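# Descriptive analysis of the structure
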Amino acid sequence: QVQLVESGGALVQPGGSLRLSCAASGRIFDINAMGWYRQAPGKQRELVAAITNGGSTNYADSVKGRFTISRDNAKNTVYLQMNSLKPEDTAVFYCNAEIRSGAVGFFNDYWGQGTQVTVSS
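Scope of this entry: the structure provided in the associated data block. All residue numbers refer to positions counted from 1 along the written sequence of the respective chain. The predicted nature of this model means local features are confined to residues of pLDDT at least 70 and side-chain atom pairs, given and counted, to a pLDDT of 80 or more, with totals for whole chains, interfaces and linings taken over all residues. The side-chain quantities take in all heavy atoms of the structure and omit both hydrogens and water.

## So, the sheet that holds strand β3 (residues 18–26)
Filter applied, for reference: For two strands to pair, DSSP has to find at least two bridges joining them. Every helix listed is a DSSP run of H or I at least four residues long, and every strand listed is a run of E at least two residues long, numbered separately from the N terminus. Every angle, taken between N-to-C directions, lies between 0 and 180 degrees, and every axis is a line fitted to C-alpha atoms, over only the stretch in contact when it is a helix.
Spatially, the 4 strands line up as an open sheet ordered β1-β3-β8-β7, and their pairing is antiparallel. Of all the strands in the sheet, the pair left with one neighbour each is β1 (2–7) and β7 (67–72). Adjacent strand axes in the sheet meet at a mean angle of 15 degrees, parallel and antiparallel pairs treated alike. In this sheet, strand β8 (residues 77–82) lies alongside β7 in antiparallel orientation, the contact comprising 6 bridges. Following the sheet pairing, R71 is matched in β8 by V78.

Listed below in structure tokens is the structure:
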């Protein structure tokens, strides 16, 4: 019923920038929180940034000041602007969203397929 499609991952040099996007589609009534997670090889998935439907944000300490999360509610899309990228940012980035499909009902968690971000010289 609902899917999240991510794009924007690439190989970039240290200090470079990338902008990830994640668009939700399908039967969507409204979206609560949205966020970005990442998982590096051999590591657990961790929260990178999250944004509520009211626009409040939360960032991992490792990315604060470098990454910016934003959302376009009209497009059901969340973005992650990543600047000053470091090799340790290398990971698969996953989009997450809390979505309900009707005016009555509960929110379900949905995940994108992941997009690879590689920071290397």
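## Focus: the side chain of S21
Here is the rule: In protein, a polar contact means a hydrogen-donor-capable atom and an acceptor-capable atom, both N or O and within 3.5 Å, with residues adjacent in sequence counting only if both atoms are side-chain atoms; elsewhere, any N or O pair within 3.5 Å suffices. Residues are treated as being in contact if the distance between any of their heavy atoms lies within 4.5 Å.
Position of S21 relative to the elements: it lies in strand β3. There is a polar contact of 2.8 Å between the side chain of S21 and the side chain of S7. Residues within four places of S21 in sequence aside, it is in contact with V5, E6, S7, W36, T77, V78 and Y79.

## Thoughts on the pattern of salt bridges
Note the cut-off: Salt bridges are counted wherever a side-chain nitrogen of Lys or Arg sits within 4 Å of a carboxyl oxygen of Asp or Glu. For every residue, the accessible area obtained with a 1.4 Å probe (protein chains only) is divided by the maximum for its type, and the residue is called buried under 20%, exposed over 50%, and partly exposed between those limits.
For the coordinates displayed, the defined rule picks out 4 salt bridges. E46 serves as the salt-bridge partner of R38, at 2.8 Å between the closest nitrogen and oxygen. Under the relative-accessibility criterion, R38 is labelled buried at 6%. Using a relative accessible area of 35% as the deciding quantity, one classes E46 as partly exposed.

## What about the packing of aromatic side chains?
Short version of the rule: Side-chain rings of Phe, Tyr and Trp (the six-membered ring for Trp) are treated as a pair once their centres are within 6.5 Å; stacked means planes under 30 degrees apart, edge-to-face means over 60, and tilted covers the remaining angles. Each ring is checked for a lysine NZ or an arginine CZ that lies within 6 Å of its centre and within 35 degrees of its normal; such an atom marks a charge sitting over the ring.
Applying the stated rule across the entire model yields 1 aromatic pair. If you follow R19 out to its NZ or CZ, it ends over the ring of Y79, 4.3 Å from the centre.

## Digging into the environment of T68
The topology assignment puts T68 in strand β7. Residue T68 is classed as partly exposed on the basis of its relative accessible area, which comes to 41%. C-alpha of T68 to C-alpha of Y94: the two residues are 26 residues apart in sequence and 15 Å apart in space. The contacts of T68, once residues within four sequence positions are left out, are Y59, Y79, L80 and Q81.

## Re the pairing of β8
In the case of a regular strand, side chains alternate between the two sheet surfaces. Counting buried positions along β8 gives 5 out of 6 residues, so the element sits mostly inside the fold. Inspection of the sheet shows β3 paired to β8 by 6 bridges, in the antiparallel sense. When the bridges of β8 are listed, S21 appears paired with Y79. A loop of 4 residues connects β7 with β8, the two strands running antiparallel in sequence, and N76 in this loop sits at a positive phi of about 50 degrees.

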